[in-house]
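# Survey of secondary and tertiary structure
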Amino acid sequence: MDNPTLKSKNDSLHDSLLIQVLSSSAYATAIYTSEKLHIGFVNDGMLRIWGKDRGVMGKTFEEAIPEMEGQPFTDLLKQVWHTGVTYTAENTPADLVVDGELQTFYFDFEYRPIKSDTGDVYSILHTAVDVTEEIRQGKVIVEKENHEQELFEELAASNEELTAINEEYLATNEELSATNEELTATIEELAQSQMELRYSKSKVEQILNSLAAPVVVLQGHDFIIRSVNQAILDFWNKTVDQVLGKPMLEVFPEVGEQIFPTIWKHVLDTGETVVKEEVAVYYKNDDGTERRFLADFHYQPLRDLDGKVNRVLATVIDNTERILARKTIEKAEEQLRLAIESSKLGTWHIDAKTYEFLPSIRMKSFFGYNEEDYMSYNDALALISDDCRDRVKNAMRNAMTKGIHFDEEFSLRTRESQQLRWFRATGKLYEDKDDGNKYFSGTLLDVTEAKEDDIRKNDFIGMVSHELKTPLTSLNAYLQMLTAKAHKAEDVFTAQALGKAGTQVKKMTSLINGFLNVSRLESGKIYLEKQEFDLEQLVDEVEDEMKLIHTSHPIIFNRCKPVIVDADRDKIGQVINNYLSNAIKYSPKGSPIVVECSETDGRVRVTVKDGGIGIQDQDKHKLFDRYYRVSNNQTQTVSGFGIGLYLCAEIIRRHEGEIGVDSEPGKGSAFYFELPAINNS
């Protein structure tokens, strides 16, 4: 007959072992014991995730967490129960009530069915890891289910505990051998206990071997390898027969030269859990070569029934690739930081939705703020000079709402000293791939010295150009008088010579006017006189004028429908005139010049195409810079100072338009500009 005392002891030992392992786990764990998903066990980690207390024990999953209604998790659990197939997911959102508020969190989780010897599901093991912070920071690193490792590592210890129970029952059999009746009863009870032990051992081994994380259990100060899973064998490149039951330092002598024996001894002597991250470790292969890793190690003490620590549960996570990748990123970030520091750049970061402003220390100093001072986005704008502020605000708004590249030059007066400084700011809009939020980041460079040099140069150019206009005007008048006199005297040679001289005076006057326009532009003295007009009609007028002056090239106008813009008519005409003049200068005589006008999405584009020499890629982005000219054998004979396209670019930008060029060497160029169109519908 059964011995109730002995059977009760066996159940108690088994339950105590499982409860000890599950409750001491640092990772969130729950077990559902029925088809209706009654909660049979839950540890503190899972309660923290749910935001609940132990009052959920015995309730169904839906009763315990009512906010799960309408979310997929209940159906997934029932699916696992009915199919017996494990369900695993990563970075999955779940809405949970925390501190009375429904919030969205992200989890890596697994629903694993635990089956009887007959293959029937009798419970579901639920493990979860909260990865919300990693998701929000855009640094999600897949951890190969490290939350599950601790649980299965701890359950591995039950193998050793159950073996001890078996030995205890065998000893009891010997002690009761004096009485046949007691011996018979003990044998029967031991047989039953051995069946239960084999069943429990089977469950533990099933869970342990299904775990992807490497796990090993070491016993005593000889560090005997008592339990392993397939993952640790793969990590070691060993078989079970090569390691099980053998001292760790006998299997891996090289480990004795590393820090690990000291850690194992500390865990056994103190009962403390030890975690070591990013530890360099190496193992020797059978051929003498070494395999080196960067890994995280977790060592947890396991206790016997008397509460004494006699084993160490070890988990290994090979993070070599992740750590090396992170260090590469850290190195790149440090190099970027040093580059920014050495270039004396200020930096900023703006949330495009909330306008939260994060300036660097150097940027604060540019605006007259100390390192510890708070400087908001509006504080920074307020210090920008009045004549620059609206332009900078509009450019910032376009960059954050339309993704347009930000590149502006402006002046400001520092907060306390009111010192006038000039800066160039560049920035770009970035989108976070994880949360979808957009951020505007950029740099700020102090260009005060260069700007003051430009101002002095422009003042000089403006003064000289203005002084040259008066004698040129007089010279032109004398030439006209002499030309008229030569015609009257029928002196053909003199009249032709004076005509050529007059042409050169006109070229000189045009160059001087260009310099004056640059000077006025830089000093802010060029103003836009905007009016609504038909751009298609303006293009037609400029084309007719150019046809009268230049007969060397046919000009073809591919008309568009009338389109109204709000702009300075004279200055837009100046841009079209410059495009046509350049097309004629840089293309073969007799080749056609094509002018096109088109409207798309509320913007009108004017394009001037030629079949000329074309432009190299390295010159395209510089064409619209002040005083820049392409230098090659084909352009040496063409006159100019590189100010025409610069003036065009500034005129279009002040109209909040876009200017550019498409070109291929030897195949011609297509210069274009875009302006906002007015919807007359």
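What this report covers is the structure whose coordinates are included nearby.

Conventions adopted
Residues numbered from 1 in each chain as written. Predicted model: local features only at pLDDT ≥ 70, side-chain atom pairs only at ≥ 80, totals over all residues. Heavy atoms only, no water. Helix = DSSP H or I, 4+ residues; strand = E, 2+ residues; numbered from the N terminus. Buried < 20%, exposed > 50% of the residue type's maximum accessible area, 1.4 Å probe, protein only. Areas by Shrake-Rupley, 256 points an atom, 1.4 Å probe, with all protein chains shown as cover. Polar contact = N/O pair within 3.5 Å; in protein donor to acceptor, adjacent residues only side chain to side chain. Contact = heavy atoms within 4.5 Å. Patch = residues over 30% accessible without salt bridge, like charges linked within 9 Å, V, L, I, M, F, W, Y side chains within 5 Å. Salt bridge = Lys/Arg side-chain N within 4 Å of Asp/Glu carboxyl O. Lys, Arg positive; Asp, Glu negative; His and termini not counted. Charge placed at Lys NZ, Arg CZ, Asp CG, Glu CD. Pairing = 2+ DSSP bridges. Axes fitted to C-alpha atoms, helices over the stretch in contact; angles between N-to-C directions. Core = buried A, V, L, I, M, F, W, Y, C linked by side-chain atoms within 4.5 Å. Phe/Tyr/Trp six-rings, centres within 6.5 Å; stacked < 30°, edge-to-face > 60°. Lys NZ or Arg CZ within 6 Å of the ring centre and 35° of its normal.

If you tally the helices and strands in the protein, you get 21 helices and 22 strands. Taken across its 681 residues, the protein has 44% of its residues classed as buried. When the accessible area of the protein is evaluated, it comes to approximately 37,000 Å², of which 50% is carbon and sulfur surface.

Counting through the fold element by element, Glu-674 comes out in strand S22 (residues 669-678). Engagement of the side chain of Glu-674 in a polar contact is seen with the side chain of Arg-605, the distance being 2.8 Å. Other than its neighbours up to four places away in sequence, Glu-674 contacts Arg-603, Val-604, Arg-605, Ile-652, Gly-657 and Glu-658.

Together, Glu-62, Glu-63, Glu-69 and Asp-75 line one region of the surface with negative charge. Looking at the secondary structure, you find Glu-63 in helix H3 (residues 61-64). On the basis of relative accessible area, Glu-63 is assigned to the exposed category, the value being 53%.

Here we come to the sheet that holds strand S3 (residues 87-98). Spatially, S2-S1-S5-S4-S3 is the arrangement adopted by the five strands of the open sheet, whose pairing is antiparallel. On the outer flanks of this sheet lie strand S2 (39-42) and S3, each paired with one strand and no other. The mean angle between the axes of side-by-side strands here comes to 30°, regardless of whether they run parallel or antiparallel. Direction of pairing for strand S1 (residues 28-32) relative to S2: antiparallel, over a ladder of three bridges. Each residue of the ladder has a partner; that of Ile-31, found in S2, is Phe-41.

Counting 39 residues, the largest nonpolar core has Leu-535, Ile-572, Tyr-579, Leu-580, Phe-624 and Phe-673 as its most contacted members. With seven residues, the top contributor of residues to this core is helix H19 (residues 569-585). Once residues lying within four places of it in the same chain are set aside, the contact partners of Leu-580 are Val-542, Glu-543, Met-546, Ile-555, Ile-593, Val-595 and Val-608. Core analysis: the next-biggest nonpolar cluster, separate from the first, contains 31 residues, Leu-218, Leu-233, Phe-260 and Val-267 among them.

Here we come to the pattern of salt bridges. Any two side chains of opposite charge can pair, so long as their charged atoms come close to each other. Scanning the model with the defined rule gives 18 salt bridges in all. Lys-52 is the salt-bridge partner of Glu-67, the closest N and O atoms lying 3.6 Å from each other. Here Glu-67 is found in the loop between H3 and helix H4 (73-83), whereas its partner Lys-52 is found in the loop between helix H2 (44-50) and H3, with 15 residues between them in sequence. Given the relative accessible area of 14%, Glu-67 is considered buried. For Lys-52, a relative accessible area of 26% puts it in the partly exposed group. With a shortest N-O distance of 2.8 Å, Glu-674 and Arg-605 are connected by a salt bridge. Within this pair, whereas Glu-674 is found in strand S22, its partner Arg-605 is found in strand S20 (residues 603-609), the two being separated by 69 residues in sequence. Residue classification places Glu-674 among the buried residues on the basis of a relative accessible area of 14%.

We now examine the packing of aromatic side chains. In this description, an aromatic ring pair is defined by two values, namely the gap between the centres and the angle between the planes. Tallied over the full model, the rule gives 25 aromatic pairs. When the ring of Phe-73 is compared with that of Phe-109, the centres are 5.8 Å apart and the planes differ by 70°; the resulting orientation is edge-to-face. With Phe-73 in helix H4 and Phe-109 in strand S4 (residues 101-115), this residue pair connects regions lying 36 residues apart in the sequence. By relative accessible area, which is 6% here, Phe-73 ends up buried. For the ring pair Phe-410 and Phe-423, a centre distance of 6.4 Å and an interplane angle of 40° mean the geometry is tilted. Linking Phe-410 in strand S13 (residues 406-413) with Phe-423 in strand S14 (residues 420-431), this pair joins segments that are 13 residues apart in sequence. Here Arg-415 stacks its cationic end above the ring of Tyr-369, 3.9 Å away from the centre of that ring. For Arg-605, the ring lying beneath its charged end belongs to Tyr-672, and the centroid distance is 3.8 Å.

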